[in-house]
Amino acid sequence: MAKQDINFLEKTLTLAGRAEGYTSPNPMVGAVIVKNNREISCGFHKKSGLPHAEVEAINNTKVNVSGATLYVNLEPCCHFGKTPPCVDKIISSKIKRVVVATKDPNPVVCGKSINKLKKAGIKVSVGLLKEKASRLNEVFFKNMKEKRPFVAVKLAQSLDGKIAAANGSSKWITGEKSRKFARRLRDKYDCILVGINTVVKDNPRLNGFKKNPYKAVIDPALRISRNSCLIKNNSQKLIIFASEKAKKKSFRNAKVFFIGEENGKLPVKKILSALYQNGITSVFVEGGSETAAKFFEEKLADKIYFFLSPKILGGKKALASIGGKGFPLKDCPQVNDMMIEKIGQDILITGYPDYGRQ
C-alpha cells in the first residue's frame, strides 16, 4: 500500500505543477481518485477562482467515487473563499480514505480539514512525500509563514563571476538556450523586479513566454523614462519604488510608492511588504549587481538561479554579479540543496541561500 500511495501522490505533484505560475495567491494542488486499486479520475487547480483539485477530480468521473481513496498533495480546504470548502464535497461523495502529502500552512485550514474528515469517519493519512509537497508550494508556504512574497534571484554571469565586461558590454554573456530558459522562469512568478540602472541600460520588456507578469522597478530618484518599454507597454502592471525625496516630481504613468531611505538606500523589506499588500506573492529579481546585493544583505533572497557561461571576462572594472558591501567569509550566506544542470553551453545552479551562520 505504501508504494501505491507514493506513486499516486507523485502524480498529484505532477498534476499540481501543470498550473505553476497561474494559481496565485492559491497553492498548486493536484488530486487523484483510486477505486479497487485503479485510478478512476484526476484533476488539478488551474487558476484562482476555478474549482479546486479535489472537486475537479470528483467531477471529472462518471464512476461512483463512494468507497474510493483520494490522493492530494495539500490538505483540502475547509473554508469558504472564491469556492466552497473541498472537505464538504469529499464527505458528501462518501470517499472512505484520503491520503495527504502535507498539511496546509494557512492557519485557517491547518489540521482543521483533517480533523473534519476524521470526524466524518474518513481514514486520513498525512505526511508521505511531505518535503516534496512543501517544496512544490514553496511560494505559498513562505506567504503563509512570513506574510511576504517569496523571492527568487536570477543572475547570468561569466565563469569568473562577472555580469558585464570592463567596457560595460553584457549582451550576451550566456547562450540563447539559457536566455530562453530564463524567460520561461518569469512565467513562474507574479512579479519581475529590476533596478533603474537595468531599465536605463537595457530598456527591457520583462515578459515571460506565456505570461505578462507585474513589473517592479527600484528607482529612488524617479529617473525612469516615459518612453521606456515598461511604461509604453506595461504601465497598468508597473510598480515603481522611489525615495520620499522624489515626491516633488510629477508622475502619472504607473503606480508609485514613495519610501523613506535607510542608510541612503530603499529598504527591500518595505518594498516586499508593499508588493505583498498589493496581492503579489512571488518576486523574480533580475536586477543588476547592486539590486541583487540588496536582497542578500537583507537576508530576503529565498532562492537563486545562477547561469554560468564558460567565458572568462577578467578585469578589475568588470562588474561582479553581486555588489554591495559584501560579507566576511565566516558570515557569508551558504547555498543549500543545490541542483546543477547544463543548458546549452552554460550551467544553471539552483539553490536556497542559508543565512543561519550570520
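Worth saying up front: this structure is predicted, and the values here are computed from it rather than measured.

Parameters and conventions
- Residues numbered from 1 in each chain as written.
- Predicted model: local features only at pLDDT ≥ 70, side-chain atom pairs only at ≥ 80, totals over all residues.
- Heavy atoms only, no water.
- Salt bridge = Lys/Arg side-chain N within 4 Å of Asp/Glu carboxyl O.
- Helix = DSSP H or I, 4+ residues; strand = E, 2+ residues; numbered from the N terminus.
- Buried < 20%, exposed > 50% of the residue type's maximum accessible area, 1.4 Å probe, protein only.
- Arc of directions from axis to C-beta.
- Contact = heavy atoms within 4.5 Å.
- Patch = residues over 30% accessible without salt bridge, like charges linked within 9 Å, V, L, I, M, F, W, Y side chains within 5 Å.
- Areas by Shrake-Rupley, 256 points an atom, 1.4 Å probe, with all protein chains shown as cover.
- Pairing = 2+ DSSP bridges.
- Axes fitted to C-alpha atoms, helices over the stretch in contact; angles between N-to-C directions.
- Lys, Arg positive; Asp, Glu negative; His and termini not counted.
- Core = buried A, V, L, I, M, F, W, Y, C linked by side-chain atoms within 4.5 Å.

**Observations regarding the pattern of salt bridges**
The full count for this structure, using the stated rule, is 19 salt bridges. For the salt bridge of Lys142 with Asp302, the shortest nitrogen-to-oxygen distance reads 3.2 Å. With Lys142 in helix α6 (residues 138-146) and Asp302 in the loop between α11 (289-297) and β13 (303-309), this pair connects stretches of sequence that are 160 residues apart. Residue Asp302 is classed as buried on the basis of its relative accessible area, which comes to 10%.

**Some details on helix α4 (residues 112-119)**
Listed in full, the buried residues belonging to α4 are Ser113, Ile114 and Leu117. Along α4, the residues classed as buried sweep out an arc of 100 degrees about the axis, all on the same side. The inward-facing, buried residues of α4 contact α3 (86-92), β4 (97-100) and β5 (123-126). Among the residues trailing α4, Gly121 stands out with phi positive, at a value near 90 degrees.

**Thoughts on a nonpolar patch on the surface**
Residues Met338, Ile340 and Ile347 make up a contiguous nonpolar surface patch of about 290 Å² in total accessible area. Within the element layout of this structure, Ile347 appears in strand β16 (residues 346-354).

**Brief notes about the sheet that holds strand β3 (residues 69-72)**
Picture the strands of a sheet paired through backbone hydrogen bonds; they go either parallel or antiparallel. Pairing is mixed in the open sheet, where 5 strands are placed in the order β2-β1-β3-β4-β5. Each having just a single partner strand, β2 (38-44) and β5 make up the two edges of the open sheet. Put simply, the sheet's adjacent strands are angled 15 degrees from each other on average, direction ignored. Note: strand β1 (residues 30-35) against β3, 4 bridges, orientation antiparallel. Across the sheet, Ile33 pairs through a bridge with Leu70, a residue of β3.

**Some details on the side chain of Lys294**
One can find Lys294 in helix α11. Buried and unpaired, Lys294 has Glu290 as its nearest opposite-charge partner, separated by 6.4 Å. Those residues in contact with Lys294, other than ones at most four positions away along the chain, are Ile218, Lys265 and Val268.

**Brief notes about the nonpolar core**
Counting residues in hydrophobic clusters, the biggest one holds 29 residues, and the most contacted among them are Val153, Leu193, Phe241, Leu275 and Phe295. Of all the secondary-structure elements, those providing two or more residues to this core are β6 (150-158), β8 (191-195), β9 (214-218), β10 (238-243), α10 (268-277), β12 (282-285), α11 and β13. A per-element tally of this core places α10 first, with 5 residues. Residues in contact with Phe241, not counting those within four places in the same chain, are Ala216, Val217, Ile218, Asp219, Pro220, Phe257, Ile259, Leu266, Ile271, Ala274 and Leu275. With 28 residues, the next largest nonpolar core counts Leu185, Val199, Ile231 and Phe307 among its residues.

Fair warning: the whole summary comes from geometry, so function is off the table for now.
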